[in-house]
Amino acid sequence: MSIAANIEKIKSEIPETATLVAVSKTKPNEAILEAYNAGQRVFGENKVQELVQKQEDLPKDIEWHLIGHLQSNKVKYIAPFVHLIHAVDSFKLLLEINKQGKKNNRIINCLLQVKIAQEESKFGLDFDEAEFLFNEAKNLGFLHIVGFMGMATFTDDQAQLKNEFTSLSNFFKQQKSTNPQLKILSMGMSGDYHMAIEQGSTMIRVGSTIFGERNYN
Ligand SMILES: *Cc1c(COP(=O)(O)O)cnc(C)c1O
């Protein structure tokens, strides 16, 4: 199937209120333009350098999301244009994003990454840390925490996926009940977005199902 047909199919499977982030990492500009010409405007990248290059080369009405781990010393390169940073997981990073937001005179929207997978992963906060950082961030004027992001274990075990997504969904609902500025729950990728949506995801990040398998060579 074509890129356009893949996007159309995924959109038909999720609520209209959910956002599809087309994850274009490692993919050439031609592939991104094919998606763009099919109406897609939201794209996600996980490497700062690649994101900056593509932002320069491609149409300016694209909303670029940084979905991968972000190092503090690279925030300055994306601060002028990034639409949403998905994977904030430290106070140091929050402070740097706020600083660069101030320099660029814009508020940068961010999600806190919460660790929900059972597999060992270096990145992500536990629920207590996420709540703590969320409250700390309320004092920062050039950054808004608008939700949370999570990645489930890479598994076909539907019960496990359901458990992991539900844990984050419950946390999101609980925080949102007193913090209506929380709008986004980013969970679900090619292999698990159906379950993520069932458990309340409002934003899915899909790469290979749209663009085909990635080749890292
Ligand atoms: C690569 C990536 C995705 C998309 O993965 P697919 O399995 O190709 O859909 C989603 N989220 C993050 C954080 C990623 O790095």
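Being a predicted model, the structure only gives us computed values, none of them experimental.

**Student:** Quick question: what am I supposed to make of the overall build of the protein chain here?
**Tutor:** Across its full length, the protein chain holds nine helices and eight strands. On C-alpha atoms alone, the protein chain measures out to a radius of gyration of 17 Å, which is about the 17 Å that the 2.2 N^0.38 rule sets for 217 residues. Dimensions of the protein chain along its principal axes, counting C-alpha atoms only, are 45 × 45 × 35 Å. Looking at the protein chain as a whole, 49% of its 217 residues are labelled buried. In the protein chain, 58% of the contacts between residues at least 6 apart in sequence involve partners at least 24 apart.

**Student:** What exactly am I supposed to notice about the packing of aromatic side chains here?
**Tutor:** The description of an aromatic ring pair uses the distance of the two centres, along with the angle that the planes make with each other. All told, the structure shown has five aromatic pairs when counted by the stated rule. When the centroid spacing of 5.9 Å and the interplanar angle of 40 degrees are considered together, the rings of F43 and W64 count as tilted. Residue F43 is located in strand β2 (residues 42-45), and its partner W64 is located in strand β3 (residues 63-66); the two are separated by 21 residues in the primary sequence. Just as F43 is buried, W64 falls in that class too. Arranged with centres 4.9 Å apart and planes meeting at 50 degrees, the rings of F148 and F171 form a pair that is tilted. In this pair, F148 sits in strand β6 (residues 143-151) while F171 sits in helix α7 (residues 158-176), placing the two residues 23 residues apart along the sequence.

Cut-offs and rules
- Residues numbered from 1 in each chain as written.
- Predicted model: local features only at pLDDT ≥ 70, side-chain atom pairs only at ≥ 80, totals over all residues.
- Heavy atoms only, no water.
- Helix = DSSP H or I, 4+ residues; strand = E, 2+ residues; numbered from the N terminus.
- Rg over C-alpha atoms; globule rule 2.2 N^0.38 Å.
- Buried < 20%, exposed > 50% of the residue type's maximum accessible area, 1.4 Å probe, protein only.
- Contact = heavy atoms within 4.5 Å.
- Phe/Tyr/Trp six-rings, centres within 6.5 Å; stacked < 30°, edge-to-face > 60°.

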